[in-house]
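Architecture at a glance
Residue-level listing of the chains:
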Amino acid sequence: QVQLVESGGGLVQAGGSLRLSCAASRSIVSFNVMGWYRQAPGKQRELVAQITMRGATQYADPVKGRFTISRDNAKNTVSLQMNSLKPEDTAVYYCNGVSVSVGYWGQGTQVTVSS
């Protein structure tokens, strides 16, 4: 079993930046893919960005060029740098990790972008 704990959410004005972090309770080396998802009120949870064990990244179209995902296997963390934030980025952001075909989720962190 592994726990994923997100931090770094908060309230920011449009155009601002936030950095989300996800700390795992054990080594993430076995996690083939780690990613960030978000869920806005009344909407389905959607993929924001993901990164493979080898560092290959993938981004949802709405965040391309504004968000950057990274992972530090030595520190067991995955981060999401969010720049040029927009009100439509407002959502609960969840960390996700897949290890041996088992998916793990964090509890989520709220990001609110005011206009």
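As shown above, the structure is provided for reference.
Keep in mind the model is a prediction, meaning the values are calculated, not measured.

Describing the pattern of salt bridges
Overall, the coordinates contain four salt bridges when judged by the stated rule. In this structure, R38 and D89 form a salt bridge, with 2.9 Å as the shortest nitrogen-oxygen distance. Here R38 is found in strand β4 (residues 31-39), whereas its partner D89 is found in the loop between β8 (77-82) and β9 (91-99), with 51 residues between them in sequence. Each member of the pair, R38 as well as D89, is classed as buried. Of the charged contacts, one joins D61 and K64 as a salt bridge, the two residues approaching to 3.0 Å between their closest N and O atoms. Pair check on accessibility: D61 and K64 agree, each one exposed.

Let's talk about the state of the cysteines
Per the stated rule, a full pass over the model turns up one disulfide. Across the disulfide from C22 sits C95; the S-S distance is 2.1 Å. With the S-S bond torsion at -80 degrees, the cross-link from C22 to C95 turns out left-handed. One end of the pair, C22, is in strand β3 (residues 18-24); the other, C95, is in strand β9, and 73 residues separate them in sequence. Neither residue differs from the other here; C22 and C95 are each classed as buried.

Notes on the nonpolar core
Core analysis: the biggest nonpolar cluster contains 28 residues, and M34, W36, V48, F67, L80, M82 and Y93 have the highest contact counts within it. Looking at this core, the elements that each hand over two or more residues are β3, β4, β5 (46-52), β7 (67-72), β8, β9 and β11 (109-114). The leading source of residues in this core is β3, at four residues. For M82, the contacting residues outside a window of four places in its chain are G16, S17, L18, L20, R66, F67, Y93 and V111.

What about the side chain of E6?
Inspection of the secondary structure assignment puts E6 in strand β1 (residues 4-7). Nearest to the buried, unbridged E6 among oppositely charged side chains is R45, at 7.5 Å. A distance of 2.8 Å separates the side chain of E6 from the backbone nitrogen of C95, its partner in a polar contact. Looking at E6, its side chain comes within polar contact range of the main-chain nitrogen of Q107, at 3.0 Å. Setting aside residues up to four positions removed in sequence, E6 forms contacts with S21, C22, W36, Y93, Y94, C95, G106, Q107, G108 and T109.

Some details on the environment of R54
On the secondary structure map, R54 appears in the loop between β5 and β6 (57-59). Looking at R54, the relative accessible area reads 82%, which means it is exposed. Along the sequence, R54 and N83 sit 29 residues apart, while their C-alpha atoms lie 24 Å from each other.

Thresholds, definitions, all that
Residues numbered from 1 in each chain as written. Predicted model: local features only at pLDDT ≥ 70, side-chain atom pairs only at ≥ 80, totals over all residues. Heavy atoms only, no water. Salt bridge = Lys/Arg side-chain N within 4 Å of Asp/Glu carboxyl O. Helix = DSSP H or I, 4+ residues; strand = E, 2+ residues; numbered from the N terminus. Buried < 20%, exposed > 50% of the residue type's maximum accessible area, 1.4 Å probe, protein only. Disulfide = S-S within 2.5 Å. Core = buried A, V, L, I, M, F, W, Y, C linked by side-chain atoms within 4.5 Å. Contact = heavy atoms within 4.5 Å. Lys, Arg positive; Asp, Glu negative; His and termini not counted. Polar contact = N/O pair within 3.5 Å; in protein donor to acceptor, adjacent residues only side chain to side chain.

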